[in-house]
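Listed here are the chains, written in short residue letters.
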Amino acid sequence: NYDCWVEEQAEGWETDRIAACKAGFLRAMQAVENVPAAPKAAQAAPAPFLVFFDWDKSDLTTEARQVLDQVIARERTARDEIHLIGYADRSGPDAYNMKLSQRRADAVKRYLMVKGIAGSRVTTEARGERDPLVPTADGVREPQNRRVSITMMSRRSGA
């Protein structure tokens, strides 16, 4: 309808056709504007929490502990399962980075457990250099890729 309206307006001589195309376009726009929001079940899951690490380290920084304290506060009310995925940048050998990313996930799990989260509710995974936040060439140090992603998952009913 928009193309029709613009084309007919440019020609400028079929006023009834111009009006009909314009009316059709305005009706279509009104319909788009009145589309209801997606139901909550269809909306995207909340973004995971991210904890970042210094180069070649699995020690938790002050900032990391602050993020984890937010996770703990949320978990205490939600009683969710927690999935941790450790990552590394591409500055070391792949096998080393896989182990480093697991140590990072394990460090986060230990902190959560010390703060009262049952270890049975926390799973860990190591991805090493795979799935970087910032794609880089091999050998590049990238702080955004040295992380643990923390995903909160609702417990299944009856669990």
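Placed above this text is the structure.
Parameters and conventions
Residues numbered from 1 in each chain as written. Predicted model: local features only at pLDDT ≥ 70, side-chain atom pairs only at ≥ 80, totals over all residues. Heavy atoms only, no water. Pairing = 2+ DSSP bridges. Helix = DSSP H or I, 4+ residues; strand = E, 2+ residues; numbered from the N terminus. Axes fitted to C-alpha atoms, helices over the stretch in contact; angles between N-to-C directions. Contact = heavy atoms within 4.5 Å. Phe/Tyr/Trp six-rings, centres within 6.5 Å; stacked < 30°, edge-to-face > 60°. Lys NZ or Arg CZ within 6 Å of the ring centre and 35° of its normal.

1. Regarding the sheet that holds strand S2 (residues 81-87)
Part 1 of the argument: Spatial ordering of the open sheet is given by S1-S4-S2-S3, a layout of four strands whose pairing is mixed. Of all the strands in the sheet, just strand S1 (49-52) and strand S3 (122-128) have a single pairing partner and so form its edges. Between one strand and the next, the sheet's axes are offset by a mean angle of 20°, whatever the strand orientation.
Part 2 of the argument: In this structure, S2 lies alongside strand S4 (residues 147-153), joined through six bridges in antiparallel fashion. By the bridge assignment for S4, Ile 85 is matched with Ser 149.
Part 3 of the argument: Each of S2, S3 and S4 touches helix H4 (residues 94-114); the most contacted strand, S3, lies at about 155° to it.

2. Brief notes about the packing of aromatic side chains
Part 1 of the argument: In total, this model carries zero aromatic pairs according to the counting rule given.
Part 2 of the argument: Cation over ring: Arg 141 sits above Trp 55, and NZ or CZ is 3.5 Å from the ring centre.
Part 3 of the argument: Against the face of Tyr 87 rests Arg 147, its NZ or CZ located 3.6 Å from the ring centre.

Spatial relationships are all this shows, so hold off on functional conclusions.
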